[in-house]
Amino acid sequence: VDSSRLISSSSISDISSKMKEFRANANLDERSSLMLDALRGKNINDDDKQGLGINMKLVEVRERDSNDASDVLPTTYDTALLDNYFSKRPLAQLTRVWQVLSASGGY
């Protein structure tokens with residue numbers, strides 16, 4: 001029997017058993033398990049393909065001929081400011097309601 005072959009096979013079996021032990025321990029630890037899943041490519045997020053086939057529909061709202069500084073579309077979510085802005089634009093509200101209803105009517 002070739003002694004180098006015997007040493008080689010025993011070291012390979014040792015490595016194999018250590019790898020099995022490592023995998024078993026890694027599955028017990030959530031962080032290690034997540035890292036191994038990421039390395040294996042599990043649960044890949046394909047955000048770059050999520051928007052394919054989606055058409056965005058916007059309501060164009062024209063600014064009023066007003067010097068009133070409060071008559072601009074707010075850039076932060078404030079219900080009072082939004083109510084003030086859209087209460088002066090009922091056609092924009094109806095257009096958006098129509099868009100939502102027509103888009104959801106296909107389901």
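For clarity, every value in this text was computed on a predicted model and none was experimentally measured.

Novice: Explain the overall build of the protein to me, please; I cannot follow it from the model alone.
Specialist: Helix and strand content of the protein: five helices and zero strands. Starting at the N terminus and ending at the C terminus, the protein contains elements arranged as α-α-α-α-α. Taking all 107 residues of the protein together, the buried fraction comes to 9%. A separation threshold of at least 6 residues defines the contact pool for the protein, and within that pool the share at least 24 residues apart is 37%. When the accessible surface of the protein is summed, it comes to about 9,800 Å², and 56% of that surface belongs to carbon and sulfur atoms.

Novice: Help me understand the pattern of salt bridges, please; the structure alone is not making it clear to me.
Specialist: Opposite charge on two side chains permits pairing when their charged atoms draw close. Following the criterion strictly, the structure yields one salt bridge and no others. Residues Asp37 and Arg40 are paired through a salt bridge, measuring 3.8 Å at the closest nitrogen-oxygen approach. With Asp37 and Arg40 both in helix 2 (residues 30–40) and three residues apart, the pair spans about one turn of that helix. The class of Asp37 is buried, set by a relative accessible area of 16%.

Novice: Any chance you could explain a nonpolar patch on the surface here in plain terms?
Specialist: A cluster of nonpolar residues, Ile15, Met19 and Phe22, forms a patch on the protein surface that exposes about 290 Å² of accessible area. You can see Met19 is positioned in helix 1 (residues 3–28).

Novice: What exactly am I supposed to notice about the packing of aromatic side chains here?
Specialist: For any two aromatic rings, the description comes down to two numbers: the centre-to-centre distance and the angle of the planes. Evaluated as defined, the whole model comprises one aromatic pair. Measuring from centroid to centroid gives 5.0 Å for Tyr85 and Phe86, while their planes differ by 90 degrees, and the two rings are edge-to-face. Judged by relative accessible area, Tyr85 falls into the buried class, the value being 1%. Assessed through its relative accessible area of 28%, Phe86 is described here as partly exposed. Note that Arg89 overlies the ring of Tyr85, its terminal NZ or CZ placed 3.7 Å from the centroid.

Novice: How should I be thinking about the side chain of Gln99 in this particular structure?
Specialist: Mapped onto the secondary structure, Gln99 falls in helix 5 (residues 90–104). A distance of 2.9 Å separates polar atoms of two side chains, one belonging to Gln99 and the other to Arg96. When neighbours within four sequence positions are excluded, Gln99 is seen to be in contact with Lys57, Leu58 and Val59.

Novice: For this particular structure, what's the right way to read the confidence of the model for the protein?
Specialist: Where the model shows low pLDDT, its predicted coordinates should not be examined in detail. When the pLDDT values of the protein are averaged, the result is 78; 77% of them are 70 or greater. Helix 4 (residues 79–87) holds the highest mean pLDDT among the elements of the protein, 89, whereas helix 3 (residues 47–50) holds the lowest, 68.

Novice: So what exactly am I meant to see when it comes to the environment of Val61 here?
Specialist: With respect to the helices, strands and loops of the structure, Val61 is situated in the loop between helix 3 and helix 4. Residues Val61 and Leu73, spaced twelve residues apart in sequence, show a C-alpha to C-alpha distance of 9.3 Å. Not counting residues up to four positions away in its chain, the partners in contact with Val61 are Tyr85, Arg89 and Ala92.

About the criteria used
- Residues numbered from 1 in each chain as written.
- Predicted model: local features only at pLDDT ≥ 70, side-chain atom pairs only at ≥ 80, totals over all residues.
- Heavy atoms only, no water.
- Helix = DSSP H or I, 4+ residues; strand = E, 2+ residues; numbered from the N terminus.
- Buried < 20%, exposed > 50% of the residue type's maximum accessible area, 1.4 Å probe, protein only.
- Contact = heavy atoms within 4.5 Å.
- Areas by Shrake-Rupley, 256 points an atom, 1.4 Å probe, with all protein chains shown as cover.
- Salt bridge = Lys/Arg side-chain N within 4 Å of Asp/Glu carboxyl O.
- Patch = residues over 30% accessible without salt bridge, like charges linked within 9 Å, V, L, I, M, F, W, Y side chains within 5 Å.
- Phe/Tyr/Trp six-rings, centres within 6.5 Å; stacked < 30°, edge-to-face > 60°.
- Lys NZ or Arg CZ within 6 Å of the ring centre and 35° of its normal.
- Polar contact = N/O pair within 3.5 Å; in protein donor to acceptor, adjacent residues only side chain to side chain.
- pLDDT = per-residue confidence, 0-100.

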